Amino acid sequence: MLEDIKSVLISEKELEDKISELGARISKDYCGKNLLVLSVLKGASVFMSDIIRKITIPIQIDFMAASSYGKGTATSGSVKIIKDLDIDVSGFDILIVEDILDSGVTLSNLIKVLESRSPKSVSVCTLLSKPSRRKVEVPVRYEGFVVPDEFVVGYGLDYAEYYRNLPFIGILKEEIYS
């Protein structure tokens, strides 16, 4: 698996430091609020696991799965909700935890779906942002790292369901996915 990585873009230590910083900001901003932390599966599951342990206020969690990628490397433009929420979100402040904000298509559609369910608010926390690929602008309240237009894997991000278990964010060699 490591031989498929061109280079490490964000180290384990950099991830740990940024997640601690984000968790502290979220804890302060949502103190006294009814916070639901929502993970977008599968990619954000690793980030979600770590960030909720850095949030020091009472929270609830839930999971949603949506995709616009399938097995490719570029968005298809259509979004499919694969797994919906288990709870009624009305009255919650929702914080969507996302692994990477790329085209914005999936996240934009998820925000619309969630806002139609009468929460108090909907905000986004993304570990990675790739603004050069944006097709739809999405308001992000918490952003970890801006990354270049490279195919990144690790720390939950995959290529064809592999590489999620790498403890860092790496750039995948082009010959692997082309």
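Everything here concerns the structure above.
For every chain, the first residue of its written sequence is number 1, and the numbers climb from 1 along that sequence. Local features are withheld for residues below a pLDDT of 70 in this predicted model, meaning they are given only at 70 or higher, and side-chain atom pairs are given and counted only at 80 or more; totals for whole chains, interfaces and linings count all residues. Values reported for side chains reflect all heavy atoms of the structure, with hydrogen atoms and water molecules removed beforehand.

(A) Representation of the overall build of the protein chain within the structure. From N to C terminus, the protein chain includes four helices and nine strands. In sequence order, the secondary structure elements of the protein chain are arranged as β-α-β-α-β-β-β-α-β-β-β-β-α. Each radius of gyration reported is based on C-alpha atoms, and the globular scaling rule is 2.2 Å times the count of residues to the power 0.38. In terms of overall dimensions, the protein chain is globule-like: its C-alpha atoms have a radius of gyration of 16 Å, near the 16 Å expected for 178 residues. By residue count, 47% of the 178 residues in the protein chain fall in the buried class. Of the roughly 8700 Å² that the protein chain leaves accessible, carbon and sulfur atoms contribute 50%. Averaged over its 22 positive side-chain charges, the protein chain has a centre that lies 3 Å from the centre of its 26 negative ones. Put simply, DSSP H or I for four residues or longer makes a helix, DSSP E for two residues or longer makes a strand, and each gets a number counted from the N terminus. Using a 1.4 Å probe on the protein chains alone, a residue whose accessible area is under 20% of its type maximum counts as buried, one over 50% counts as exposed, and one in between counts as partly exposed. All accessible areas in this document rest on Shrake-Rupley with a 1.4 Å probe, and a residue is counted as covered only by the protein chains that are shown. In this charge count, Lys and Arg are treated as positive and Asp and Glu as negative; neither His nor the chain ends contribute. In this description, the location of a charge corresponds to atom NZ of lysine, CZ of arginine, CG of aspartate or CD of glutamate.

(B) The arrangement of the sheet that holds strand β9 (residues 169-172) in detail. Read from one edge to the other, the open sheet built from three strands follows the order β1-β9-β8, with strand pairing classed as antiparallel. Where the open sheet ends on each side, the last strands, each with one partner, are β1 (5-10) and β8 (152-153). As judged from the four bridges shared by β1 and β9, these two strands associate in the antiparallel manner. If you follow I10 over to β9, its bridge partner there is I169. Strand pairing requires that DSSP identify at least two bridges connecting the strands.

(C) Seen up close, the side chain of E98. Checked against the element boundaries, E98 lands in strand β5 (residues 93-101). Any pair of residues with heavy atoms lying within 4.5 Å of one another is described as a contacting pair. Residues within four places of E98 in sequence aside, it is in contact with V40, A44, F47, L107, C125, T126 and L127.

(D) Representation of the pairing of strand β6 (residues 121-129). The buried fraction of β6 amounts to eight of the nine residues, a majority that puts the element mostly inside the structure. By the bridge criterion, eight bridges tie β5 to β6 in an arrangement that is parallel. Following the sheet pairing, I100 is matched in β6 by L128. Summarising the sheet, β6 and strand β7 (residues 142-146) pair through four bridges and their orientation is parallel. In the strand pairing of β7, C125 is matched with Y142.

(E) The arrangement of the packing of aromatic side chains in detail. Two rings from Phe, Tyr or Trp (for Trp, the six-membered ring) form a pair when their centres are within 6.5 Å of each other. A pair whose planes differ by under 30 degrees is stacked, one over 60 is edge-to-face, and the rest are tilted. For the structure on display, the rule yields three aromatic pairs. A ring pair is formed by F151 and Y159, whose centres lie 5.7 Å apart and whose planes are at 85°; its orientation type is edge-to-face. Here the two residues F151 and Y159 agree in accessibility, since each one is buried. Three or more aromatic residues link up through ring pairs in this structure, and these residues are F151, Y159 and Y177. Charges are assigned to positions over rings by a cutoff of 6 Å between ring centre and Lys NZ or Arg CZ, combined with an angular limit of 35 degrees from the ring normal. Sitting over the face of the ring of F145, K18 holds its NZ or CZ atom 5.6 Å from the ring centroid.

(F) Main features of the pattern of salt bridges. Note on definitions: salt bridges are taken to be side-chain nitrogens of Lys or Arg within 4 Å of carboxyl oxygens of Asp or Glu. Per the stated rule, a full pass over the model turns up twelve salt bridges. In this structure, E161 and K42 form a salt bridge, with 3.2 Å as the shortest nitrogen-oxygen distance. Residue E161 is located in the loop between β8 and β9, and its partner K42 is located in the loop between β2 (35-41) and α2 (45-52); the two are separated by 119 residues in the primary sequence. Look at E161 and you get partly exposed, because its relative accessible area is 44%. Overall, K42 belongs to the partly exposed group, its relative accessible area being 48%. As a salt-bridge pair, R164 and E161 come within 3.0 Å of each other at their nearest N and O atoms.

(G) Unusual backbone geometry, seen in detail. Here the bond from L41 into K42 is cis, since omega is -5°, no more than 30 degrees from zero. For S118, which is not glycine, the phi torsion reads 65° and is therefore positive. Positive phi values are uncommon outside glycine, yet A160 reaches one of about 50°.

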